[in-house]
Amino acid sequence: MKIIRALLYLAAIAVFAALTGGYFGALHPALDSLSHFRLHLAVLLAVSGAALALSGGVGGGLTSVAAGMLVLATTLGTPGFLHAEARLPGTQAPVYRLMHLNLRFDNKTPNEVIRLIGERSPDVLTLNEVSDAWAPRLGALKHLYPHQFYCESPDLVGGVAILSKRPFGSGAQTGCSNLGALATRMVDFGGRSVLVGALHLDWPWPFNQPWLLNDMRPQFTAIAAGQTPVLIAGDFNAVSWSHAVRRVAAETGTAHFEYRGGSWLFHTLPASWIGWLGLPIDNVLGDGIVAHSVAALRPAGSDHLPVLVEFSIAEAPEKPAETVLAK
């Protein structure tokens, strides 16, 4: 029993160290990668702590359980940087819809995506993994979304795209990033221009995400320097509480709009599990935008869930609005 207790102590210490390291993602991308597994590590810490307490290590075990539960509560609760702006009482601003989806380059049921678009009829679509196989299907939506902008990627999974019912405008910040990871277009919403972005980041360290973020800093800085409202959506391949997401928000001068549940899970697992067990790596950022609701929708053949944002354009962006969690 003493050996088992010692092993459980070591396990709890190792999990606690990994969990703690994830809070220091700003120091190194490797630590930020640990943050993506924060919920999993918190559960593991609580379980190992319970086992430790049952084996006789009551003090250390209960401490581990409490620490794991605290991390779960704070991560799933109200992290300070995750918020959506509340609509000011009495405002009558028009409400628009943006739907984001990582299509999955080899989606076996593309008609599900087309059907969902028809059902929800968003004003704007931001799309990732727009492979060659998707080109004819999206082109067939020209009668619904006559304004279409594509950025190609050297990656076989495809680039990013913005499809809009509303006309595009011009602007210094619009275009494609060098690797086709970011598409930006000015969209005219009834006379009000909004810079809309479709972003697809690479996988976290040890993959290329940190280097891609460094390369994209000039584009992010240009977005922050703009004078129009901004709405960016995409598969960040980074959870909403990670340093990577906070970095993009800070460098683009935007805030994160939260929704409940996950948006991605390994495609070998049932799609119905995504909302419960998946990671929230499809993110929405905005500035000068009033988000009325942000929600993940039903599966549409991808390993990502679509995310729908109902929003208005802030009437007085220079005056900070009261913030609340999006329901």
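See the structure above.
Residues numbered from 1 in each chain as written. Predicted model: local features only at pLDDT ≥ 70, side-chain atom pairs only at ≥ 80, totals over all residues. Heavy atoms only, no water.

Colleague: Help me out: how do you make sense of unusual backbone geometry in this one?
Modeller: Outside of glycine, negative phi angles account for most residues, and trans bonds account for most peptide bonds. Following Trp 205, the chain continues to Pro 206 via a peptide bond in cis, the omega torsion being 15 degrees. Mapped onto the elements, Pro 206 comes out in the loop between β9 (192-200) and α7 (209-215). Unlike most non-glycine residues, Arg 104 shows phi in positive territory, near 65 degrees. Mapping Arg 104 onto the fold places it in the loop between β2 (96-102) and α5 (110-120). Non-glycine residue Glu 129 carries a positive phi angle of around 55 degrees. (Helix = DSSP H or I, 4+ residues; strand = E, 2+ residues; numbered from the N terminus.)

Colleague: Any chance you could explain helix α9 (residues 243-252) here in plain terms?
Modeller: Note on helix geometry: an α-helix contains 3.6 residues per turn, so any two residues three or four positions apart are oriented the same way. Burial analysis of α9 places 7 of its 10 residues in the buried class, the great majority of the element. For α9, the complete set of buried residues consists of Ala 244, Val 245, Arg 247, Val 248, Ala 249, Glu 251 and Thr 252. In the segment just after α9, Gly 253 is the residue with positive phi, at about 70 degrees. (Buried < 20%, exposed > 50% of the residue type's maximum accessible area, 1.4 Å probe, protein only.)

Colleague: Would you take a moment to explain the state of the cysteines for this structure?
Modeller: The final tally for this structure, using the stated rule, is 1 disulfide. One disulfide bridge connects Cys 151 with Cys 176, the sulfur atoms lying 1.9 Å from each other. Residues Cys 151 and Cys 176 share a disulfide whose torsion about the S-S bond is about -85 degrees; that sign makes it left-handed. Pair noted here: Cys 151 is in strand β4 (residues 147-151) and Cys 176 is in strand β7 (residues 175-176), with a separation of 25 residues, a long-range link. (Disulfide = S-S within 2.5 Å.)

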